[in-house]
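Chain by chain, the residues run as shown.
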Amino acid sequence: MPNPIKEALLGRGWAGKTITRAETVERLNPLLLQHLKLNHNYEYVIRSHSDTAVTEALKRVQKTARADVGKLNETILSCGGSPENGTDLEPDDFDLGDDELEMLYQLQDLETEWNEALTRERKEIEHQMRTRGILEALKSNSTERLELLGDLIERAQQTTG
């Protein structure tokens, strides 16, 4: 568990024991797989939603989400591991239904789960400084997507209600 006193005193530097590179791989691969699945769900909504404004907004945030996958891959590789590649995931395996508002709610739930997983990982594990920075960046990007989804849901509710 990160020590808030060390964090406050040392800023972004670090002193003390962090998890090993092998442990980093073990911790990040499940997160990577979760993120790959989340991205497939975003792609489902982009393919299925009829509102062009929604799909264009989601396409914009997906560019960053795909870069985030690259960050996780690179971190796992730099720790000597083999990153999950998601080759066994098929786009057809991801179906959020055909109710367009419900799609956005489900996407919001999945993004919230991702955001919470990143929060837990950051709070509970003493990662190396670089990994901590990447987890913080991923969480920030996830928070931005959550805000966008909230806006899209509000807009969809206004047009349907």
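Residues numbered from 1 in each chain as written. Predicted model: local features only at pLDDT ≥ 70, side-chain atom pairs only at ≥ 80, totals over all residues. Heavy atoms only, no water.

Chemist: In this structure, what is going on with the overall build of the protein chain? I would like to understand it.
Modeler: Per the secondary structure count, the protein chain includes 5 helices and 0 strands. In the protein chain, the succession of helices and strands from N to C terminus is α-α-α-α-α. When the 161 residues of the protein chain are sorted by exposure, 40% land in the buried category. Long-range contacts, defined as pairs at least 24 residues apart, comprise 82% of the intrachain contacts of the protein chain with a sequence gap of at least 6. Of the roughly 8800 Å² that the protein chain leaves accessible, carbon and sulfur atoms contribute 51%. (Helix = DSSP H or I, 4+ residues; strand = E, 2+ residues; numbered from the N terminus. Buried < 20%, exposed > 50% of the residue type's maximum accessible area, 1.4 Å probe, protein only. Contact = heavy atoms within 4.5 Å. Areas by Shrake-Rupley, 256 points an atom, 1.4 Å probe, with all protein chains shown as cover.)

Chemist: Mind showing me how you'd approach the pattern of salt bridges here?
Modeler: Two side chains with opposite charge may pair up if their charged atoms get near one another. Taken as a whole and judged by the stated rule, the model has 9 salt bridges. The salt bridge partner of Glu56 is Lys59, with a shortest N-O separation of 3.4 Å. With a gap of 3 residues between them, Glu56 and Lys59 both fall in helix 3 (residues 52-78), about one helical turn apart. The partly exposed category is assigned to Glu56, whose relative accessible area is 34%. Note that Glu111 is salt-bridged to Arg145, the shortest N-O span being 2.9 Å. Remark: Arg145 occurs in helix 5 (residues 129-160) and Glu111 occurs in helix 4 (residues 100-124); sequence separation between them is 34 residues. There is no split in this pair, since Glu111 and Arg145 are both buried. (Salt bridge = Lys/Arg side-chain N within 4 Å of Asp/Glu carboxyl O.)

Chemist: Before we go on, may I ask you to explain a negative patch on the surface in this structure?
Modeler: Where like charges cluster on the molecular surface, the negative patch consists of Asp95, Asp98, Asp99, Glu102, Asp109, Glu113 and Glu116. Looking at the secondary structure, you find Asp98 in the loop between helix 3 and helix 4. (Patch = residues over 30% accessible without salt bridge, like charges linked within 9 Å, V, L, I, M, F, W, Y side chains within 5 Å. Lys, Arg positive; Asp, Glu negative; His and termini not counted. Charge placed at Lys NZ, Arg CZ, Asp CG, Glu CD.)

Chemist: Would you explain the side chain of Asn115 in this entry?
Modeler: Within the secondary structure layout, Asn115 lies in helix 4. Only 2.6 Å separates the side chain of Asn115 from the side chain of Lys139, close enough to count as a polar contact. Separated by 3.1 Å, the side chains of Asn115 and Ser142 make a polar contact. Beyond its immediate sequence surroundings of up to four residues, Asn115 is in contact with Lys139, Ser142, Thr143 and Leu146. (Polar contact = N/O pair within 3.5 Å; in protein donor to acceptor, adjacent residues only side chain to side chain.)

Chemist: In this structure, what is going on with the packing of helix 3 against helix 5? I would like to understand it.
Modeler: Two quantities define a packed helix pair, namely the angle between the axes and the distance from one axis to the other. Interaxial distance between helix 3 and helix 5 falls to 11 Å at its minimum, and their mutual angle equals 165°. Relative to helix 5, the element helix 3 lies roughly antiparallel. Considering the relative orientation of helix 3 and helix 5, their crossing is left-handed. Taken together, the residues that form the contact of helix 3 with helix 5 break down as 13 nonpolar, 5 polar and 6 charged. (Axes fitted to C-alpha atoms, helices over the stretch in contact; angles between N-to-C directions. Parallel < 35°, antiparallel > 145°, perpendicular 65-115°, else oblique. Left-handed = near helix turned anticlockwise from the far one by under 90°. Nonpolar A, V, L, I, M, F, W, Y, C, P; charged D, E, K, R; others polar.)

Chemist: Would you explain the packing of helix 2 (residues 21-48) against helix 5 in this entry?
Modeler: Running from N to C, helix 2 and helix 5 point in directions that differ by 20°, and their axes come no closer than 13 Å. In this view, helix 2 runs roughly parallel relative to helix 5, as classed from their interaxial angle. Crossing geometry of helix 2 relative to helix 5 is assigned as left-handed. Contacts between helix 2 and helix 5 involve Thr24, Leu28, Leu31, His35, Leu38 and Tyr42 from the former and Thr131, Leu135, Arg145 and Leu149 from the latter. Considered class by class, the residues forming the contact of helix 2 with helix 5 number 6 nonpolar, 3 polar and 1 charged.

Chemist: What's the story with the environment of Ser50 in this structure? I'm lost.
Modeler: Here Ser50 is to be found in the loop between helix 2 and helix 3. Judged by relative accessible area, Ser50 falls into the exposed class, the value being 59%. As a C-alpha pair, Ser50 and Glu100 span 50 residues in sequence and 7.9 Å in three-dimensional space.

So yeah, pure geometry; function would need other evidence.
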